[in-house]
Amino acid sequence: MSTNDATTPPAEAAGLPAIQVYNTLSREKEPMVTVQPGRVGMYLCGPTVYKPSHIGHMVGPVIFDTVKRHLSYSGWQVTWVVNITDVDDKLIAESSRRGISMTALAEEMTADYLENLAALGVTSIDEMPKATDHIDTIISFIEGLISKGFAYASDGDVYFDVQKDADYGKLTNRSVDAMQGEGGSTADRKRSAADFALWKKAKDGEPSWDSPWGPGRPGWHIECSAMSEAILGNHFDIHGGGLDLVFPHHENEIAQSESLHGCPMASYWMHNGLMQASGASGKVGGRPRDADDGEAASVEAQTAAKISKSTGAEPFKQLLARHEPEAIRMLLLSTHYRSPIHFGEEPLAESGRALEAFRRLFARSERISGTSFYNLPCRTRREGDTQIAAAGDEAAALRTRFLAAMDDDFNTAVAIASLFDYVRVVNKYIDQHQLEATKPEAELARLAALMRTLRELTGVLGLFLEAPQADGGADEALVAGLMELVIEIRANARKAKDFATADLVRDRLGSLSIVLEDRADGTGWSRKA
RNA sequence: GGCUCCGUAGCCAAGUGGCUAAGGCAGCGGAUUGCAAAUCCGCCAUCGUCGGUUCGACUCCGACCGGAGCCUCCA
């Protein structure tokens, strides 16, 4: 409970913690200094909505949702924007293949995307602008670039002139002349190969918008420059995306925005590692590249490849049918966000098992206190840290460790590790004070405080936000009733020292994936994960 | 070929120029239990290879081996 003392200083600026952020631009961690004190503007490149989203699409949102949670919790006012790309060559191709309008396709796939985000607890996005809602913004952005001499129209297309941009390539350390650029049919309309399209002339029958250069549609990169400016301003704080977007997408965004505005587009460029399809049989996709040489020392050179290039990229909905979203979120956060994540059935199952340690503690504490973890009131702001951290208190030290990890470039892996330690501390507390047998008031209050802090911290990670859905349907009550009956009968057998019967019951339930636990305060049951 | 990055225990995965190299899964031993389960306690790595810098490196530098990403629209 935050004892809200009246001595809180009026200005919050001094109270904000120091956060380190790894910046792709400088390739090092930098202290976070925001454009406006106390505020953070954050932009994440969202999906092109032409087919159902897969696990790879979820990585960025989960990570940046966690980033936002931590920054908000730490006292910043964060505005987070994720764009929806709803006009693009792939949308045109897919909608014509299916015989529906591009708009209908985009709406269908956007809905799919949103449902998936919600399942994973990604709830903190403030705005999701669509490219097609910002065509005017985009056109005037392009006009601005042309009038400043950074872009040129060419036969209905408009291209960015890379030669005019002195520091082009600074994000990815590339030189202009080493680049191929988008080739093919448009090559001859460009001044140099590395130039990229800001506006594309429409072919017959393609969706198009009127523009000073004739009917057409925006190029790939321009929408992010235009929409981030419209919502977050010329210079905002954090721009994120997958590592595969660094080039050309983000490089080109920088070229467009900084050429037009003459100031940095974003202070920090954060890129998440890519999901690797690994391990599990057959799902990996990509052909086993056979170097036909004789023997390889390692019998199986395990080929990993990013999800989006593998056949393992099943629709996220299907994945959700097999794994609970909490386990997926846990898996995504248990690796540092800049590292590749090895994805597969086994890692997923393992992170599901890891989750159980938390759930068992929640259940245990609820049995003792009568209050569900999910209903605990807890602090949602971290101000006043120092009051919590009573010296020598193991739990407080772990909370400090958790926060230090998050402050250090959002190190969720270390944060989670400290949470596992935290769970152990609470279990030990319950053991030592025998809270399941006797319930002294002071210790119960202490337990409640420990659990509130745990809820506070898991909330920063976006984990355990809500009680898991009871998956059973109408039979749920029936099963519960039957289990109560079975347990009662077995208890009688145990009382009569008829352990053969008691064990038979437990074994048979075990083969039905039901686990019995004989505790001091009675017998509980649960389904095996 | 150019540009990034990674290689830590059976598996997954943090981290550091010198102090006991986090945490999870699996495994082993103990406490507890009628027996289990759960919980707690304990055990389980010298950090890809070879050189170099340094009083000292797993942490810095170089080479090599292996893996990943980008160099036309993939988050």
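Procedures and definitions
Residues numbered from 1 in each chain as written. Chains lettered and ligands numbered in written order. Predicted model: local features only at pLDDT ≥ 70, side-chain atom pairs only at ≥ 80, totals over all residues. Heavy atoms only, no water. Axes fitted to C-alpha atoms, helices over the stretch in contact; angles between N-to-C directions. Helix = DSSP H or I, 4+ residues; strand = E, 2+ residues; numbered from the N terminus. Parallel < 35°, antiparallel > 145°, perpendicular 65-115°, else oblique. Left-handed = near helix turned anticlockwise from the far one by under 90°. Contact = heavy atoms within 4.5 Å. Nonpolar A, V, L, I, M, F, W, Y, C, P; charged D, E, K, R; others polar. Domains from an automatic or database assignment. Buried area = accessible area lost by both parts, 1.4 Å probe. Salt bridge = Lys/Arg side-chain N within 4 Å of Asp/Glu carboxyl O. Polar contact = N/O pair within 3.5 Å; in protein donor to acceptor, adjacent residues only side chain to side chain. Pairing = 2+ DSSP bridges. Buried < 20%, exposed > 50% of the residue type's maximum accessible area, 1.4 Å probe, protein only.

Undergrad: Help me out: how do you make sense of the packing of helix H1 (residues 55–73) against helix H11 (residues 394–407) in this one?
TA: Each pair of packed helices can be summarised by the angle the axes make with each other and by the distance between the axes. Where H1 contacts H11, the axes come no closer than 11 Å and their chain directions differ by 120°. Considered as vectors, H1 and H11 are oriented oblique to each other. Crossing of H1 against H11: the hand is left-handed. For the pair H1 and H11, the contacting residues are Thr66, His70 and Tyr73 in the first and Arg399, Leu403, Met406 and Asp407 in the second. Split by residue class, the contact of H1 with H11 holds three nonpolar, two polar and two charged.

Undergrad: It is not clear to me how the domain arrangement of chain A should be interpreted in this structure. Could you clarify?
TA: Accessible area lost during the coming together of the parts is what is often quoted as the interface size. For chain A, the domain assignment lists domain 1 (11–26 + 36–272), domain 2 (275–314 + 344–469) and domain 3 (474–527). With 22 residues of domain 1 at the interface, the matching set in domain 2 holds 25 residues. Carbon and sulfur atoms supply 64% of the area that domain 1 and domain 2 bury against each other, a total of about 1800 Å² over both sides. Scanning the region where domain 1 abuts domain 2 turns up zero salt bridges. At the boundary of domain 1 and domain 2, one finds 10 residue pairs in polar contact (both at pLDDT 80 or more). Counting only elements with at least two residues in the side of domain 1 that touches domain 2, the list comes to strand S1 (20–23) and H1. Ranked by residue count, the leading element in the side of domain 1 that touches domain 2 is H1, at 10 residues. A breakdown of the residues in the side of domain 1 that touches domain 2 according to their chemical character gives 11 nonpolar, nine polar and two charged.

Undergrad: Is there a simple way to think about the sheet that holds strand S10 (residues 266–272) in this case?
TA: Paired through their backbone hydrogen bonds, the strands of a sheet run either parallel or antiparallel. Across the sheet, four strands lie side by side as S4-S3-S9-S10; this open sheet has parallel pairing. Either end of the sheet is taken by a strand with one partner, and the two such strands are strand S4 (77–82) and S10. Direction aside, neighbouring strands of the sheet carry axes that sit 20° apart on average. Sheet topology places strand S3 (residues 39–44) next to S4; six bridges connect them, and they run parallel. When the bridges of S4 are listed, Arg39 appears paired with Gln77.

Undergrad: Before we go on, may I ask you to explain the pattern of salt bridges in this structure?
TA: Side chains that differ in charge, positive against negative, can pair when their charged atoms come close. Considering all chains together, one arrives at 40 salt bridges under this definition. Across the pair Asp89 and Arg217 runs a salt bridge, and its minimum N-O distance is 2.3 Å. Here Asp89 is found in helix H2 (residues 89–98), whereas its partner Arg217 is found in strand S8 (residues 216–218), with 128 residues between them in sequence. In this structure Asp89 comes out as partly exposed when scored by relative accessible area, which is 38%. Note on Arg217: relative accessible area 4%, which makes it buried. Here Asp157 and Arg189 are joined by a salt bridge, their closest N and O atoms 2.5 Å apart. Of this pair, Asp157 sits in strand S6 (residues 157–160) while Arg189 sits in the loop between S6 and strand S7 (196–201), placing them 32 residues apart in sequence.

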